[in-house]
2 protein chains.
Amino acid sequence: MPDMDFKVITMGHGSGGKLTNDLLDRGVFNLFDSEILQKRHDGAVFNLEGNIAFTTDSFVINPVFFPGGNIGELAVNGTVNDIAMCGAIPKYISLSLIIEEGLLVEDLWEILAAVKIAAENVNVQIVTGDTKVVEKGKGDKIFINTTGIGIMHSRADIDMSRISADDAVIVSGPIANHGMAIMSVREGLTFESDILSDTRPLNEMVISLIDRFGEDIKLLRDPTRGGVATVLNEIAHSCKVGIELQENVFPIQKQVKAACEMLGIDPLYVANEGIFLAIVNKTVASEVIDILKSFEFGQSSVIIGSIQKDFPRKVFVKSKIGGRRVVGMLAGEQLPRIC
Amino acid sequence: MPDMDFKVITMGHGSGGKLTNDLLDRGVFNLFDSEILQKRHDGAVFNLEGNIAFTTDSFVINPVFFPGGNIGELAVNGTVNDIAMCGAIPKYISLSLIIEEGLLVEDLWEILAAVKIAAENVNVQIVTGDTKVVEKGKGDKIFINTTGIGIMHSRADIDMSRISADDAVIVSGPIANHGMAIMSVREGLTFESDILSDTRPLNEMVISLIDRFGEDIKLLRDPTRGGVATVLNEIAHSCKVGIELQENVFPIQKQVKAACEMLGIDPLYVANEGIFLAIVNKTVASEVIDILKSFEFGQSSVIIGSIQKDFPRKVFVKSKIGGRRVVGMLAGEQLPRIC
């Protein structure tokens, strides 16, 4: 932590004046040692060639420190993953902070250190930023916006309109960890083993798939808010297809399943931060699983279902005795401020 | 305003589920009719070639509706101007909303309509976005992050390190309007004529200057938070130069001057949203003023001072009888949440 004269953030740190400059000079600019950032202009300038992906996310998670991570790494990983889901390689990120007056500088520092590590981890540069401060009771500790730019993979052809009947639907890892980690903290629940958020970057796994399978990877989505069920419903609606899921195939950790059962929550609606759904040509589906399993966090990847011409706009689970149960979109709020 | 079943924003609108989709489908996606946005992926994909400028800003202004504008157009103009200050032509923008539960849908709509008009006005496309909702008392109506991408003007060479002695310092228009408009509302002051925020895009004026003068335009900055004095101090510190200002040359509207005097505020520290400072080669300074005066909002542009080798890191006003008064950086907070 840098040597600062102050222990809490005050309104003056958002004034744009001397205190803002102190915070930036002695803190932020030292931490994020990027040549582009050091220019200290109103924006970053750099060269880009080709097709790019551009994505934004504001993070308002409560609590800002949670089992398995904090809002800082979540904000970087979340935007890195949105870029990856476009079939792009993340390169540059902006970082905009809305801090509530009274935030402890040591908490801010822990969060920014996590931002730095998460960015370095995926070789992304933080090139521009902004800091605002709001009065106590007009924010909640810290909100972070990250907006990212990635370079499209030359073999990527990720497009919802390319989905067709018989494509396989794959999930890259166990579901419901992030949401249940947050809920456990908020509800004060403890289990035999801790439930940790799965916040992590997905870019390496995704790039490996596109390297190998190119256009056979038709759609990638990370099922964050609303969970797997909501994202699949969005796809089914937009593409006017049916999505048939197999019964009892979703990977889920034992303690997460237990927590869901205890709280009466369907894990299909619980937020994730470190898995993705892939819709791929069925001819490559089992090879996709082979590649995913070569990654630490792809060990439990599995084919969960397939695209169907019948029952357009519906997601349904087919039971072993042939019945169909429709899985709708998340209605109302399940767990506010999960990301 | 679109036909919605709800009159206020609830936590469910940030769930990522059905309510979020309703708000987006029937509201946001209809309003911002962009082909890229309609893809509804996690990010926008488009082609870029060359040097780009990338800039981010979160807007937390209070009140969100103010004389002369609202937070929506402020958020677009603010990011457009930061791009322009890099010497770039604004092209793409992301829009991320953090809404406080209970915001009236009609207020949201008025704000988003202002976003749309401001973006169309400068031919910028809103290509990706995000919506979060926080509980009542954990935000303040609405915070907006805009992050923008612009294409560098081929003749731009905006770089602080290019500033040298004798360069002229120019201001493009009257100072202190935005800050005093907000302060007047908050303090409940009324004047003979209204004080309006100067929120407006500056890209056209800037591009005209670069078209004509190229590298003779050495630095551009919009003096928002902290005002003209703070930005000039940042420049003086970073470039290790002195900046000498002439006495009584700053353009200021009569009612703004009166308000500043009444409240005992130095207009040099008051925030602006629709003017810029340019540091230019002295050989082109008077021609720069000629060009600026050909624009509606450049009528009162003027040379306010010059870069000096003496007194490095100091900004000072030289009086007519030869005395020097140092103008420091804004200390503490003058007016919180001005943008």
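Just so you know, these numbers come straight off a predicted model, no measurement behind them.

Enquirer: What is the right way to read the pattern of salt bridges from this model?
Expert: Note on pairing: side chains with opposite charge can pair once their charged atoms come close. If you walk through the whole model with that rule in mind, you get 24 salt bridges over all chains. A salt bridge links Asp157 of chain A to Arg162 of chain A; the nearest nitrogen and oxygen atoms lie 3.4 Å apart. Residue class for Asp157 of chain A comes out partly exposed when judged on its relative accessible area of 32%. Overall, the relative accessible area of 22% leaves Arg162 of chain A in the partly exposed class. A salt bridge links Asp140 of chain B to Arg337 of chain B; its shortest N-O distance comes to 2.9 Å. One end of the pair, Asp140 of chain B, is in the loop between strand E5 (125-134) and strand E6 (142-152); the other, Arg337 of chain B, is in the segment after strand E13 (324-326), with 197 residues separating them in the sequence. Accessibility expressed as a relative area gives 10% for Asp140 of chain B, which makes it buried. What you see here is one network of salt bridges that share partners, running through Asp57 and Arg225 of chain A together with Asp130 and Lys132 of chain B.

Enquirer: Looking at this structure, I do not really get unusual backbone geometry. What am I missing?
Expert: As a rule of thumb, non-glycine residues mostly have phi less than zero, and peptide bonds are mostly trans rather than cis. Cis geometry marks the peptide bond from Asn62 of chain A to Pro63 of chain A, where omega comes out at 0°. Take Pro63 of chain A: it is sitting in the loop between strand E1 (44-59) and strand E2 (65-66). Backbone geometry places Phe311 of chain B, a non-glycine residue, at a positive phi of 55°. Positionally, Phe311 of chain B belongs in the loop between strand E11 (302-308) and strand E12 (315-318). Although it is not a glycine, Arg337 of chain B adopts a positive phi angle of roughly 55°. Residue class for Arg337 of chain B comes out buried when judged on its relative accessible area of 5%.

Enquirer: Teacher, can you tell me more about the packing of helix H3 (residues 71-85) of chain A against helix H4 (residues 105-121) of chain A here?
Expert: Each pair of packed helices can be described by the angle between their axes along with the distance between the axes. All names here are of chain A. One way to put it is that H3 packs onto H4 with a least axis distance of 7 Å and a crossing angle of 30°. Here H4 runs roughly parallel to H3, going by the angle between their axes. With respect to the hand of their crossing, H3 and H4 are arranged in right-handed fashion. Together, Ile71, Gly72, Glu73, Val76 and Asn77 of H3 and Ile111, Ala114, Val115, Ala118 and Ala119 of H4 make up the contact between the two elements. Tallied by class, residues from the contact of H3 with H4 come to seven nonpolar, two polar and one charged.

Enquirer: I'm lost on the sheet that holds strand E1 (residues 44-59) of chain B in this one. Help?
Expert: Within a beta sheet, neighbouring strands are joined by backbone hydrogen bonds and run either parallel or antiparallel to one another. If you trace the eight strands from one edge of the open sheet to the other, you get E5(A)-E4(A)-E6(A)-E1(A)-E1(B)-E6(B)-E4(B)-E5(B), paired in mixed fashion. Two strands lie at the open edges of the sheet, namely strand E5 (125-134) of chain A together with E5 of chain B, each paired on one side alone. Ignoring strand direction, the axes of neighbouring strands in this sheet form an average angle of 25°. Bridge count between strand E4 (residues 88-100) of chain A and E5 of chain A: nine bridges; the pairing is parallel. Within E5 of chain A, the residue paired with Leu97 of chain A across the bridge is Thr131 of chain A.

Enquirer: Hey, could you run me through the domain arrangement of chain A in this one?
Expert: A common way to report how large an interface is uses the accessible area buried once the components associate. Residue and element names in this part refer to chain A. For chain A, the domain assignment lists domain 1 (11-152) and domain 2 (160-326). Using only C-alpha atoms to locate each centre, domain 1 and domain 2 end up separated by 28 Å. Contacts between domain 1 and domain 2 engage 21 residues on the former and 21 residues on the latter. Across the domain 1/domain 2 interface, buried area totals approximately 1,600 Å², and carbon plus sulfur atoms make up 65% of it. A per-residue breakdown of the area domain 1 buries against domain 2 is headed by Pro67, Asn81 and Met85, which together make up 35% of the total. Between domain 1 and domain 2 we count zero salt bridges in total. Secondary structure elements with two or more residues in the side of domain 1 that touches domain 2: H3 and E4.

Enquirer: What should I look at first to understand the packing of aromatic side chains in this one?
Expert: For any pair of aromatic rings, the description consists of the separation of the ring centres together with the inter-plane angle of the planes. In total, this model carries seven aromatic pairs over all chains according to the counting rule given. Summarising the aromatic geometry, the rings of Phe54 of chain A and Phe46 of chain B are spaced 6.1 Å apart at their centres and angled 75° between planes, so their arrangement reads as edge-to-face. In this pair, Phe54 of chain A is assigned in strand E1 and Phe46 of chain B in strand E1, connecting two distinct chains. Side by side, Phe54 of chain A and Phe46 of chain B carry an identical accessibility label, which is buried.

Analysis parameters
Residues numbered from 1 in each chain as written. Chains lettered and ligands numbered in written order. Predicted model: local features only at pLDDT ≥ 70, side-chain atom pairs only at ≥ 80, totals over all residues. Heavy atoms only, no water. Salt bridge = Lys/Arg side-chain N within 4 Å of Asp/Glu carboxyl O. Buried < 20%, exposed > 50% of the residue type's maximum accessible area, 1.4 Å probe, protein only. Helix = DSSP H or I, 4+ residues; strand = E, 2+ residues; numbered from the N terminus. Axes fitted to C-alpha atoms, helices over the stretch in contact; angles between N-to-C directions. Parallel < 35°, antiparallel > 145°, perpendicular 65-115°, else oblique. Left-handed = near helix turned anticlockwise from the far one by under 90°. Contact = heavy atoms within 4.5 Å. Nonpolar A, V, L, I, M, F, W, Y, C, P; charged D, E, K, R; others polar. Pairing = 2+ DSSP bridges. Domains from an automatic or database assignment. Buried area = accessible area lost by both parts, 1.4 Å probe. Phe/Tyr/Trp six-rings, centres within 6.5 Å; stacked < 30°, edge-to-face > 60°.

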